[in-house]
Amino acid sequence: MAKNMNKRKKPVVGDWMSEAVLAVETFDTINVARQLMAKHRINQLPVVEDDRIVGIVTDRDIRDAYPTSMAINRGEAIDRFADSIAVDEVMTHNVLTVQPDTSLLAAVASLRKHRIGSLPVVKQQKLVGIITRSDILEFVLSEASAAPRAAERRRAGRSKVPRKNNQRKPRRYGAAKR
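Predicted model only: the values in this text are computed from it and were never measured.

J.: Which parts of the structure should I look at to understand the overall build of the chain?
T.: Within the chain, the regular secondary structure consists of eight helices and five strands. Ordered by position from N to C terminus, the α and β elements of the chain give α-α-β-α-β-β-α-α-α-β-β-α-α. For the chain, buried positions account for 29% of its 178 residues. Partitioning the intrachain contacts of the chain with sequence separation of at least 6 by distance along the chain shows that 60% fall at a separation of at least 24. In the form shown here, the chain has an accessible surface area of approximately 13,800 Å², with 50% of it arising from carbon and sulfur atoms.

J.: I'm lost on the nonpolar core in this one. Help?
T.: One broad rule of soluble globular proteins: the nonpolar side chains tend to lie buried together. The biggest cluster of nonpolar side chains holds 14 residues, and the ones touching the most others in it are Val 24, Ile 30, Ala 33, Val 57, Ile 62 and Val 87. Elements represented by at least two residues in this core include exactly α3 (30-40) and β2 (44-49). The element that contributes the greatest number of residues to this core is α3, accounting for three residues. Residues within four places of Ile 30 in sequence aside, it is in contact with Ile 62, Ala 65, Tyr 66, Phe 81, Ala 82, Ile 85, Ala 86, Val 87 and Val 90. Within the second largest apolar cluster, 11 residues are counted, among which are Val 13, Leu 104, Ile 131 and Ile 136.

J.: I would appreciate a short explanation of the sheet that holds strand β1 (residues 24-25) in the present structure.
T.: Two orientations exist for strands paired in a sheet by backbone hydrogen bonds: parallel and antiparallel. Read from one edge of the open sheet, three strands run β1-β2-β3, paired in mixed fashion. The open sheet is flanked by β1 and β3 (52-58), the only strands paired with a single partner. One ladder, built from two bridges, connects β1 with β2; its direction is parallel. Its bridge partner lying in β2, Glu 25 is registered against Val 48.

J.: For this particular structure, what's the right way to read the side chain of Gln 44?
T.: Mapped onto the secondary structure, Gln 44 falls in strand β2. When residues no more than four places from it in sequence are discounted, the contact partners of Gln 44 are Met 37, Ile 56, Val 57, Thr 58, Gly 117, Ser 118, Ile 130 and Thr 132.

J.: So what exactly am I meant to see when it comes to the pairing of strand β5 (residues 126-132) here?
T.: The side chains of a regular strand alternate between both faces of the sheet. Pairing of strand β4 (residues 118-123) with β5, which is carried by six bridges, proceeds in the antiparallel orientation. Its bridge partner lying in β5, Ser 118 is registered against Thr 132.

J.: What should I look at first to understand unusual backbone geometry in this one?
T.: What you tend to see is this: most non-glycine residues have negative phi, and most peptide bonds are trans. Here Arg 115, not a glycine, exhibits a phi torsion of approximately 55 degrees, which is positive. Its location among the elements puts Arg 115 in the loop between α6 (104-114) and β4. The class of Arg 115 is exposed, set by a relative accessible area of 77%. Located in the positive-phi region is Gln 125, a residue other than glycine, with phi close to 65 degrees. Considering the arrangement of structural elements, one finds Gln 125 in the loop between β4 and β5. For Gln 125, a relative accessible area of 57% gives the class exposed.

About the criteria used
- Residues numbered from 1 in each chain as written.
- Predicted model: local features only at pLDDT ≥ 70, side-chain atom pairs only at ≥ 80, totals over all residues.
- Heavy atoms only, no water.
- Helix = DSSP H or I, 4+ residues; strand = E, 2+ residues; numbered from the N terminus.
- Buried < 20%, exposed > 50% of the residue type's maximum accessible area, 1.4 Å probe, protein only.
- Contact = heavy atoms within 4.5 Å.
- Areas by Shrake-Rupley, 256 points an atom, 1.4 Å probe, with all protein chains shown as cover.
- Core = buried A, V, L, I, M, F, W, Y, C linked by side-chain atoms within 4.5 Å.
- Pairing = 2+ DSSP bridges.

Encoded structure:
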């Protein structure tokens, strides 16, 4: 019985995703997308057609689409430019997605492997949420505050005074043991 109490439900994307997702449509301009991102302090927006995800546009996609400051010196000209480019011209078309029942570990692995900041969450081909780096950090923080810290447990038995004459070998961090 004690073993069953120690088993925790493995976290899934649906438990930690943001359900209120801002999105743009393919015909929206990069100016609209940029303003949404700035107002809501987000870095990416799913791009949808009929509630189906067709791409994702990031702040980097938009920044890369703008001409250099050497080409356009005036704010009005930049705004006209941004109003002339549709999101579908700069978005990523082959977007990676996950489902609500995808394990959080698998989602994190995908974010890391592909070096991206978010994964749209789809169910029956419809956008139902988004899992972002911030959502992952929320999970990590909740787990850290719920469980005792292993480092504190390890340090509890150690002396605070370092040993003399190099009796203890230095630890290596971030490198393979040799």
